[in-house]
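Report on the structure
Read off the chains here:
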Amino acid sequence: MYNIVRAQELLAHGVHSRIVRGAVDCCLLRLTPGMYSIIGRCQDPRHACIAGMITDEEWIRRVAAQRADAQQRDYGFDEVVEKLKIASYPRYREDDVVCGISAARIHDLPLYRVGAKRIHIASPSHRLRTAVVNRTTRDVPETDRVRIGKMQLTSPARTSLELIPQIGEPGAFVAMEAVLRRSVFGEDEHTAGRFGYPPDTCELARQAVESLFVPVLERLPTGQQRASRLVGSIGALSESYAESRCSYNLIVLGIRDFEQQVQVLEKGRSIARVDFMDRASKTILFVDGAGKYTETGGKVLQKEATQFNRLVALGYRIVRFTFAEVMDLEAFATKLFGQAPWLRGRVRRNRSV
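Okay, so let's go over this structure. From a predicted model like this one, the values you see are computed outputs, not experimental measurements.

Calculation rules
Every residue gets a number counted from 1 within its own chain, in the order that chain's sequence is written. Where totals are concerned, whole chains, interfaces and linings use all residues; where local detail is concerned, this predicted model gives features only for residues with pLDDT of at least 70, and gives and counts side-chain atom pairs only at 80 or more. Hydrogens are left out, water is left out, and the side-chain values use all remaining heavy atoms of the structure. All axes are obtained by fitting lines to C-alpha atoms, using only the stretch in contact for helices, and the reported angles, taken between N-to-C directions, cover 0 to 180 degrees. By the criteria applied, helices consist of DSSP H or I runs no shorter than four residues and strands consist of E runs no shorter than two, each listed in order from the N terminus. Angular relationships are summarised with four words: roughly parallel below 35 degrees, roughly antiparallel beyond 145, roughly perpendicular across 65 to 115, and oblique for the angles in between. Residue contacts are defined here by distance: any two heavy atoms, one from each residue, within 4.5 Å place the two residues in contact. Amino acid classes used here: Ala, Val, Leu, Ile, Met, Phe, Trp, Tyr, Cys and Pro are nonpolar; Asp, Glu, Lys and Arg are charged; the rest, including Gly, are polar. Here, nonpolar core refers to any group of buried Ala, Val, Leu, Ile, Met, Phe, Trp, Tyr and Cys residues whose side-chain atoms link them within 4.5 Å. Buried means the residue's accessible area, taken with a 1.4 Å probe over protein chains only, is under 20% of the maximum for its type, while exposed means over 50%, and partly exposed covers the values in between. Each reported salt bridge corresponds to a side-chain nitrogen of Lys or Arg within 4 Å of a carboxyl oxygen of Asp or Glu. Note on pairing: DSSP must find at least two bridges between two strands before they are called paired.

Remarks on the packing of helix α12 (residues 241-252) against helix α15 (residues 329-339)
Between α12 and α15, whose axes approach to 11 Å, the crossing angle comes to 75°. Between α12 and α15, the crossing angle belongs to the class labelled roughly perpendicular. The segment α12 lies against α15, with Cys-246, Asn-249, Leu-250 and Val-252 engaging Leu-329, Phe-332 and Leu-336. Of the residues in the contact of α12 with α15, the class split is 6 nonpolar, 1 polar and no charged.

Quick word on the nonpolar core
The biggest cluster of nonpolar side chains holds 34 residues, and the ones touching the most others in it are Leu-161, Leu-180 and Phe-213. When residues of this core are traced back to their parent elements, those giving at least two are α6 (100-106), α7 (156-167), α8 (169-185), α9 (201-212), α10 (214-219), α11 (224-231) and α12. Looking at this core element by element, the count peaks at 8 residues for α8. Apart from residues lying up to four places away in sequence, Leu-161 is in contact with Met-176, Phe-213, Val-216, Leu-217, Leu-220, Ala-227 and Val-231. Grouped together as the second largest cluster of nonpolar side chains are 22 residues, Phe-258, Phe-321, Phe-323 and Leu-343 included.

Thoughts on the pattern of salt bridges
For the structure shown, the criterion picks out 20 salt bridges. For Arg-61, the salt bridge goes to Glu-58, with nearest N and O atoms at 3.1 Å. In this pair, Arg-61 and Glu-58 are both assigned in helix α4 (residues 57-68), 3 residues apart and thus about one turn of the helix distant. Since its relative accessible area comes to 48%, Glu-58 is described here as partly exposed.

Quick word on unusual backbone geometry
Backbone geometry places Gln-261, a non-glycine residue, at a positive phi of 50°. The residue Gln-261 is located in strand β10 (residues 259-266) in this model. Unusually for a residue other than glycine, Lys-282 sits at a positive phi of about 55°. Within the secondary structure layout, Lys-282 lies in the loop between β11 (269-278) and β12 (283-287). The exposure class of Lys-282 is partly exposed, given its relative accessible area of 30%.

Regarding the sheet that holds β11
Reading across from one edge, β10-β11-β12-β13 is the order of the 4 strands in this open sheet, with mixed pairing throughout. In this open sheet, the two edge strands, each paired with only one partner strand, are β10 and β13 (317-321). Here the strands of the sheet are splayed against their neighbours by 45° on average, with no regard to which way each runs. In this structure, β11 lies alongside β12, joined through 3 bridges in antiparallel fashion. Within the sheet, the bridge partner assigned to Phe-276 lies in β12 and is Leu-285. The sheet contacts of α15 involve β12 and β13, and relative to β13 the element is tilted by about 165°.

Put into structure tokens, the structure is as follows:
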């Protein structure tokens, strides 16, 4: 897949190092030392042997589409390239453990616009820092490791906790909730709430926290108190990056009475499932994901407009946040307290607990 080739393979097909250097960023993408991905069929006759090694046509089409629309940045494409760099690195040692951001990429944990990084590796006996690798000397307990292909990695739970000092609390919180949600719902995580959530979901999430995160917390060499505080606040009901960030913002602001994924009923009939609700004040928060309307567009807007009108008629007060607003705590707080000033009293009460 992805037309991954080694320098030795290219040489065996008659593609010498001088030609390889000329083909980089033309029809070859250099991933790591000695590892390349074939990304196109160019017209240069010197590169004809490279084109003959193509096995993944879909990858060629995707790269072509990315190049054709350079104005529209495809962060999904960037993520794939970063994962290829980590997975194809040819110089892993036997005791290397991929960790941090690098492990998060392989585990498909949500990382919002985290740019290209060195491959983060933990090793009990070797240290190395180059333009490609950052290998630090530390031991990762065997119980906190998993193996994927040729790589050892920190487990998803351990990885998400190690993200706290690397990308900050908000991003790590999102990753932790993603790990928890996958543990609770497994392969059904993306469709789990389509017809509502089981009544025991919160209990299942609590049990998953106890089994997944608490033992890992005890093995962290540093940052246990900070990580424990975040672990005590995560849930399994956030259905997007934006919802996790909204949940984190509410916690930071000291507002803990909002419930997630609440079904609103009228005469026993469901009229909407809302992202967040404070039942006492009948306040509802809606969060728009980064690309919520790109596929279904007007139909979603029309349906939500009908739901909003009905909710307002029932006495609910609604605050709607864009993706950009939930990513900016100050903008979030300004809008929340500007449109729902009655929540300020709730903050004081929560902080006194």
